[in-house]
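Chain by chain, the residues:
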Amino acid sequence: MNWARRLLAWEPKTARYDPENPPKFTVGLNILFAFSCSFTVSNLYYNQAILFKMADTFHVSFERSSSVATLMQAGYAAGLFFICPLGDLFKRRPFILALVAFTATMWLGLCLTNSFEAFAAISFICGASTVTPQLMLPLVGDLAPAHRRASSLAIVVSGLSLGILVARLLSGILAEYTDWRNIYWFAFAAQYLIFFLLYIWLPDYPSKNPGGLNYFKMLWHVLKLLFTQPLLFQASFMTFLMSAVFTSYWTTLSFLLSSPPYNYSSIVIGLFGLIGIVVICSAPIYSRLVLDKTQNLVSSIMGLGIAIIGTSIGTAIGSFSVAGPIIQAIAVDIGIQFAQISNRSAIYGILPEARNRVNTAYMISAFSGQLTGTAVGNRLYAQGGWVYSGSCSIGFLGLALIVCAVRGPREKGWVGWSGGWSFFKDDLPSKKQATQTERALEEAGEVSRPRT
């Protein structure tokens, strides 16, 4: 184990931390984070399109093989709560590298085992350790300058969305024309490629709490934050409602399109997932042009407005026109994604020393919303069809808008709009100021760097 500890502790010159010249969050580093998050989060979704082939290989029922997907998601939920808060205690570079290496090594068991029980158990473990994206997103909040935080987060979040899309498409294609295990071998190689790239370029960053923290108090603090930080509570309540709407739509969509008057095949229904490409392409552009300049709450309201308009149209005409669910898919994906990026940008501005715990509290709310949306959407669709489930989504989005209206972007308390009504951020640097600042930092770096 000593050699592994020394391997993770060693840092190439490109990654070493210098307090007098801290690492700059470059475009290349931003893309590396997005790439790493994309092919890490994919681990959670490779199995969803090939569960029936797993059932054949392991000689189990389809119902039992579907437990692999459930266990992977359950492991991820456990990792969110029990592992992610440790990002506030440990140095992020060796912690992230250790998790990536551990996941990649355990993944080899998924490629080789012929035991379904072992496969299911390893899936849970890999799900728990596949939380590196939720450690890297708060790190973006630390490294990116405040006036570029939203657009930097948008690039990484777009990588997450791309990873989900690529995982489902790639696993389906490879399983159709080759053995389904090949997608697991692909993921195994991708994880070690990510480890190598991060090992070379992931910058070291000091622990936010070098004096140490009590682990169990940290877990309690995650829950306590939701009820002591008004901004976090507002953003988390919004993401709970938005996540419920998102999962309700995509869960009930297959029921709608597989029934009259559509009667679409599973392949055609699956192509609706390609609509996510619109979001992936537009989110970084929108974030740079709008989110970086406007108050985060204003951007959230704009996103919710887009989502509620699209959901209203889709609910009204979706039962008889395919244009309805298409419009709703685009509006829900774009609107909720933009609002989520705004919320993340806002919450990363509070309690820098507890940024990973803040992110954990936020993600627990999102995960709870996903579970709620799936259960409520299925129940309402069974009772009243597409209109019932869609009407509930409209209600959830309306409630999210009310949550936005209760507390203004500059309000420090729980309710009110103190501090002004301006839509734009107060701390936007002018182009001249930004240029002068960057030049000063470069000169400072040259001065502090020893001559050779």
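Residues numbered from 1 in each chain as written. Predicted model: local features only at pLDDT ≥ 70, side-chain atom pairs only at ≥ 80, totals over all residues. Heavy atoms only, no water.

Visitor: So what's going on with the environment of Ala 405? Which residues, and what values?
Guide: One can find Ala 405 in helix H17 (residues 355-406). Put simply, Ala 405 and Gly 416 are 11 residues apart on the chain and 8.7 Å apart in space, counted from C-alpha to C-alpha. (Helix = DSSP H or I, 4+ residues; strand = E, 2+ residues; numbered from the N terminus.)

Visitor: Go over the packing of helix H8 (residues 132-143) against helix H9 (residues 149-177), please, and point to the residues and values.
Guide: A pair of packed helices is captured by two measures, namely the crossing angle of their axes and the spacing between those axes. Running from N to C, H8 and H9 cross one another at 165 degrees; their axes reach a closest spacing of 9 Å. With respect to each other, H8 and H9 are oriented roughly antiparallel. For the crossing formed where H8 meets H9, the hand is right-handed. On the side of H8, the interface is formed by Pro 133, Leu 137, Val 140 and Gly 141, while H9 contributes Arg 149, Ser 152, Leu 153, Val 156, Val 157 and Leu 160. (Axes fitted to C-alpha atoms, helices over the stretch in contact; angles between N-to-C directions. Parallel < 35°, antiparallel > 145°, perpendicular 65-115°, else oblique. Left-handed = near helix turned anticlockwise from the far one by under 90°. Contact = heavy atoms within 4.5 Å.)

Visitor: Can you explain the pattern of salt bridges? Please cite residues and give values.
Guide: Applying the stated rule across the entire model yields 3 salt bridges. Here Arg 64 makes a salt bridge to Glu 117, at a shortest N to O gap of 2.7 Å. Pair noted here: Arg 64 is in helix H4 (residues 62-65) and Glu 117 is in helix H7 (residues 116-129), with a separation of 53 residues, a long-range link. For Arg 64, a relative accessible area of 39% corresponds to the partly exposed category. For Glu 117, a relative accessible area of 48% corresponds to the partly exposed category. Where Lys 91 meets Asp 204, a salt bridge forms, and the shortest distance between an N and an O atom there is 3.2 Å. Taken together, the positions of Lys 91 in the loop between helix H5 (67-82) and helix H6 (92-112) and Asp 204 in the loop between helix H10 (181-201) and helix H11 (215-226) put the pair 113 residues apart, joining distant regions of the chain. According to the relative accessible area criterion, Lys 91 is partly exposed, its value standing at 36%. (Salt bridge = Lys/Arg side-chain N within 4 Å of Asp/Glu carboxyl O. Buried < 20%, exposed > 50% of the residue type's maximum accessible area, 1.4 Å probe, protein only.)

Visitor: I'd like to hear about helix H2 (residues 27-41), residue by residue, with values.
Guide: Residues three or four positions apart in an α-helix share a direction because the helix packs 3.6 residues into each turn. With 15 residues, H2 extends 21 Å between its outermost C-alpha atoms, agreeing within 8% with the 21 Å of an ideal straight helix rising 1.5 Å per residue. Counting buried positions over the 15 residues of H2 gives 11, a clear majority of the element. Buried residues belonging to H2 abut H8, H9 and H10. (Expected span 1.5 Å × (residues − 1).)

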